[in-house]
Amino acid sequence: MKLSTNFVKDYVNIDVDVKQLAEDMTRVGNEYDEAGKLINATKLIIGEVIECVDHPDSDHLHCCKVNIGKEILNIVCGAPNARKGIKVIVAQDGAQLPEITIKKGIIRGQESNGMLCSLAELGVENKFLNPEDKEGIAELGEDAKVGEDPIKYLELEDETIDFELTANRGDLLSILGMAYEIGAIYDKKVKEVEIGHKEQGEDINKTFTTEVKTDNCKLLLVKKVEGLEIKESPKFIKNRLIASGIRPINNVVDISNYVMIELGQPLHFYDADRLGNKLVVRMAEENEKLTTLDGNERILTSEDIVIANSTRGVGLAGVMGGLETEVEEDTKNIIIEAAIFDSVKIRKTSNKILRSEASNRFEKGLEPARTYMAIERACTLLEKYANGKVITGTVKHDETKEENKKIDIKYQNINDVLGTVIPKNDVQDIFRKLGFTYTEKGDILTVEVPTRRRDISIKEDLIEEVSRIYGVDNIEGKLPIVPMKKGSYNKTLREIRNKMIALGLNETLSYILINDKEVHNYTLDEFEELKLLDPITEDRNVLRYSVIPSLYKIYDYNSSHGQKDISIFEIGKGFYKKGEKYGEDTKLCALMTGKYLLGLNKTQNVDFYAIKGVVEEILEYLGYAGRYSFIKKELPEQMHPGQSAYINVNGTDIGIIGKLHPDFVKEDVYVFEINLDELFEKKVGKMKYKEISKFPSIKKDVAFVVDKKLESKEIEKAIKSSGGSLLTEIEVFDLYTGENVEATKKSIAYSLTFTDNKRTLTDEEVNSLFNKIIENVSKKYNAEIRK
């Protein structure tokens, strides 16, 4: 939003330097990009060319004598329209223009003591210039006085601030809205909008009808103005549009833009004789065609709102009018449309077709009272500056029911949140400056927020308003006093993060947005994905449920760039809708492939047991030793059926682990994901300390050949039940299928450790237990000893 200080001074009386105004607006939360004069040039003066002859040494230069009042200057000029008798803008010796500094000198042997300027050379953008202004020097009117300031004469003595507004402050997309904000800062009263025109002729409701066929238009107002004289706009209208970044066209079109900038309500003017006697608001037909004002044919969808007459579309609602009913030089009668359309629909359409000043305002939401004000203001200006005759009456379709919001708040709420001790009178004074009325009952203040402030709906918004106007700089900084809890959720997450790093994995931070085709991968959970209403790209149009797709993208990128040894993890959020419940879970996810660094210069190939070891380390570190297991059952199609399992704690599945299916990725890639929120709901086992035995342990290795479908944990149960208390550790160290082992079978090798804390074990008793284990497993699972 570009703010013209001359324009805003129509509504609020201020006398502040433009830089100071910009800084004060920033202080209350409205940042700006740049602030300064509209025409940033010095040492300019009005002159009259009293002599103009061709340069003796050039085919295009002229030697001019220019009277500037106090002296006559010799100036060499190359403009094709330079001639005797015209009034011009003279940049004197030492003048600072936006692009150059003017210095007197000799041009091809002729003295030149300045420059005759075009408006472009003063910094006026080309889009605001007429063809003649682009081709030559500026020619001033006969009433221009020699020796005076040309910027004052042109009424371009304005200052502008280019604000970068936040999305919630749609009320500031107007001069009137800016006036309310500035008035609150400097405690100035905002002036009323000038509205007053005559109405004549037969009521428009008898000759013109409207029909709204969609719920996406809550308010539609139509008025008619006849007998218009289309001509150049008054200087003040043109210059204020230029200062606001809008190109002047003619008085009628300029008034529609002027009111939009002034009040924030876009209007559209239709040539009434081309439109007909009916205006319809409807959704477009699929593939309906409409030629807009820029001459482009648009192909519409059923999601676009169209303004139509009784037979065809004549405008794209909230974005751009149609070419067929454009206001042209011969237009005499117009229909004025002021409306409020669904902001989401307008944003989607404008993203496809064209972002415009109008669509920007519709997207932010409009105030119905301002819509009524805008159409009346336009009629007032058309009557005054286009000699229009406003026809009696207004055609209305109004389904809006907006009222001022009433919000209760305690003074203590404000001070507790801000950490301040702002007196009651100061709080009340801030609301008065903002234009909010209020009533007080005990320690409760009931604040009535006007409908123009659509961004305020809860008490926290009021607290923010108090902090803005009171001044964040005036709030004394204090260190927060927060009770520190041991074993807090965040501390546990930090400990998990540190443990994963200690295990040799690298942490990543990935996008929470993924493609909707990936959101149901790596899980069999039933949920409804959460789609974005207006995604920036279709590749990231839904919130993820699992973190695995995000890590896979990181793997895929690194792998394609030649990095094959990847061990990464992330602690991130997954999002879902289950039934009517919306939720999010914190998840620990890891992906490993290639070689895994075990220690200094020691690596191993990543396999199922490597990533399983990481999971076991984490679960045991968190206190779940002896409470977890790996259960094999139906798996997502993206997981390898023979090398994947669910992670189960205390009888509940809290995650998944395994190898990605070779149909999805050729390399051996292993992943696991644990739902930390579900894990932390499980009781942690009490930490038990066991004295390290002073006596030596005895290790025995055995390899069983068993059915391929038999799970190792079943064999481990049988081993443990036979080994008794002296069997202190069971470790799988080899899995083999292939030569010398039947195709339907596999060989699993175990290392068994026997220990007693009170004595040294004998070979006889260990061998007795070892033979008992072999006998039990062989009998129970028809196992054979691999030799």
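Residues numbered from 1 in each chain as written. Predicted model: local features only at pLDDT ≥ 70, side-chain atom pairs only at ≥ 80, totals over all residues. Heavy atoms only, no water.

With that settled, consider the overall build of the protein. Counting secondary structure elements, the protein contains 20 helices and 42 strands. Taking 787 residues into account, the globule formula puts the C-alpha radius of gyration at 28 Å, and the protein, at 39 Å, lies well above it. Its C-alpha atoms give the protein principal-axis dimensions of about 125 × 75 × 60 Å. Here the protein holds 787 residues, and 49% of them are scored as buried. The long-range fraction of contacts in the protein, counting pairs at least 24 apart against all pairs at least 6 apart in sequence, stands at 69%. In the structure as shown, the protein presents an accessible area of about 40,700 Å², 46% of it carried by carbon and sulfur atoms. (Helix = DSSP H or I, 4+ residues; strand = E, 2+ residues; numbered from the N terminus. Rg over C-alpha atoms; globule rule 2.2 N^0.38 Å. Buried < 20%, exposed > 50% of the residue type's maximum accessible area, 1.4 Å probe, protein only. Contact = heavy atoms within 4.5 Å. Areas by Shrake-Rupley, 256 points an atom, 1.4 Å probe, with all protein chains shown as cover.)

Reading across from one edge, 12-15-18-19-20 is the order of the five strands in this open sheet, with mixed pairing throughout. Both outer strands of the open sheet, strand 12 (209-212) and strand 20 (320-321), are each paired with one neighbouring strand and no more. Two elements, strand 19 (residues 313-316) and strand 20, share two bridges in a ladder whose sense is antiparallel. Bridge pairing links Gly315 to Gly321 in strand 20. (Pairing = 2+ DSSP bridges.)

Moving on: a negative patch on the surface. A cluster of acidic side chains, namely Glu31, Asp33, Glu34 and Glu164, defines a negative patch on the protein surface. Assessed through its relative accessible area of 52%, Asp33 is described here as exposed. (Patch = residues over 30% accessible without salt bridge, like charges linked within 9 Å, V, L, I, M, F, W, Y side chains within 5 Å. Salt bridge = Lys/Arg side-chain N within 4 Å of Asp/Glu carboxyl O. Lys, Arg positive; Asp, Glu negative; His and termini not counted. Charge placed at Lys NZ, Arg CZ, Asp CG, Glu CD.)

As a further point, take the sheet that holds strand 40 (residues 727-736). Strands belonging to one sheet form pairs held by backbone hydrogen bonds; the direction of such a pair is parallel or antiparallel. Within the open sheet, the four strands sit side by side as 40-41-39-42. Their pairing is antiparallel. Only two strands of the sheet have a single partner each, and these edge strands are strand 40 and strand 42 (784-785). Across two bridges, the pairing between strand 39 (residues 698-707) and strand 42 is antiparallel. The residue bridging Phe704 from the neighbouring strand is Ile785, located in strand 42. Together, strand 39, strand 40, strand 41 (745-754) and strand 42 form the strand contacts of helix 20 (residues 763-781), whose direction differs from that of strand 39 by roughly 10 degrees. (Axes fitted to C-alpha atoms, helices over the stretch in contact; angles between N-to-C directions.)

It is worth spelling out the nonpolar core at this point. Within the largest apolar cluster, 111 residues are counted, with the highest numbers of intra-cluster contacts made by Phe341 and Leu382. For this core, the element with the most residues is helix 7 (residues 251-263), which contributes eight residues. If near-sequence neighbours (up to four positions away) are discounted, Phe341 is found in contact with Asn216, Cys217, Val281, Ile305, Ile307, Ala317, Gly318, Ile346 and Phe362. Residues Leu493, Ala590, Ile657 and Tyr670 belong to the second largest nonpolar core, which totals 32 residues. (Core = buried A, V, L, I, M, F, W, Y, C linked by side-chain atoms within 4.5 Å.)

Our next topic: the pattern of salt bridges. Going through the model one piece at a time under the given rule, you end up with 47 salt bridges. Arg274 is paired through a salt bridge with Asp271; the nearest N and O atoms lie 3.7 Å apart. A salt bridge links Asp516 to Lys531; the nearest nitrogen and oxygen atoms lie 3.6 Å apart. Taken together, the residues Asp516 in the loop between strand 28 (513-514) and strand 29 (530-531) and Lys531 in strand 29 connect sequence positions 15 residues apart. Judged by its relative accessible area of 52%, Lys531 is exposed.

Another aspect to go through is the state of the cysteines. Each disulfide consists of one covalent bond between the sulfur atoms belonging to two cysteines. Using the criterion set out here, one finds zero disulfides in the structure. The cysteine Cys52 is free of any disulfide, with Cys64 supplying the nearest cysteine sulfur at 3.7 Å. Classification of Cys52 as partly exposed rests on a relative accessible area of 22%. Counting only cysteine sulfurs, Cys217 is the nearest neighbor of Cys379, a cysteine outside any disulfide, at a range of 18 Å. (Disulfide = S-S within 2.5 Å.)

Our focus in this paragraph is the packing of helix 6 (residues 235-243) against helix 7. How two helices pack is summed up by the angle between their axes together with the distance between the axes. Between helix 6 and helix 7, the least distance of the axes is 10 Å, while the angle of their chain directions is 55 degrees. Judged by the inter-axis angle, helix 6 sits oblique to helix 7. Crossing handedness for the pair helix 6 and helix 7: left-handed. Here Phe236, Ile237, Lys238, Arg240 and Leu241 of helix 6 lie close against helix 7, whose contacting residues are Asp254, Ile255, Asn257 and Tyr258. The residue inventory of the contact of helix 6 with helix 7, partitioned by class, reads five nonpolar, one polar and three charged. (Parallel < 35°, antiparallel > 145°, perpendicular 65-115°, else oblique. Left-handed = near helix turned anticlockwise from the far one by under 90°. Nonpolar A, V, L, I, M, F, W, Y, C, P; charged D, E, K, R; others polar.)

By the secondary structure assignment, Asn776 is in helix 20. Counting along the chain gives 54 residues from Asn776 to Ser722, while the straight-line C-alpha distance between them is 7.1 Å. Sequence-distant contacts of Asn776, defined by excluding residues within four places in its chain, comprise Ala718, Ser721 and Ser722.

What follows deals with the pairing of strand 18 (residues 305-308). Here strand 18 shows a buried face lined by Ile305 and Ile307 and a second buried face lined by Val306 and Ala308. The pairing of strand 15 (residues 278-283) with strand 18 spans four bridges and is classified as antiparallel. Bridge pairing links Val280 to Ala308 in strand 18. Pairing between strand 18 and strand 19: three bridges, direction antiparallel. Residue pairing across strands places Val306 opposite Leu316, the latter belonging to strand 19. Hairpin remark: strand 18 followed by strand 19, antiparallel, with four residues in the connecting loop.

Next up on the list: the packing of aromatic side chains. Inspection of every chain in the model, using the stated rule, returns 11 aromatic pairs. With a centroid separation of 6.0 Å and an interplanar angle of 90 degrees, the aromatic rings of Phe236 and Tyr258 are classed as edge-to-face. With Phe236 in helix 6 and Tyr258 in helix 7, this residue pair connects regions lying 22 residues apart in the sequence. By relative accessible area, which is 25% here, Phe236 ends up partly exposed. (Phe/Tyr/Trp six-rings, centres within 6.5 Å; stacked < 30°, edge-to-face > 60°.)

Here helix 14 (residues 459-470) is 12 residues long and its end C-alpha atoms lie 16 Å apart, about the 16 Å a rise of 1.5 Å per residue gives. Residues of helix 14 that are buried include every one of Asp461, Leu462, Ile463, Glu465, Val466, Ser467, Arg468 and Ile469, and no others. In this structure, the buried residues of helix 14 make contact with helix 2 (18-27), helix 5 (175-186), strand 24 (405-410), helix 12 (411-418), helix 13 (424-434) and strand 26 (444-449). At the exit of helix 14 stands Gly471, carrying a positive phi of roughly 105 degrees. (Expected span 1.5 Å × (residues − 1).)

So, on to unusual backbone geometry. Even without glycine at this site, Asn387 takes up a positive phi of about 55 degrees. Of note, Asn387 is situated in the loop between helix 11 (368-385) and strand 22 (389-391). Exposure remark for Asn387: the relative accessible area of 36% places this residue in the partly exposed category. Unlike most non-glycine residues, Asn782 shows phi in positive territory, near 55 degrees. For Asn782, a relative accessible area of 59% gives the class exposed.

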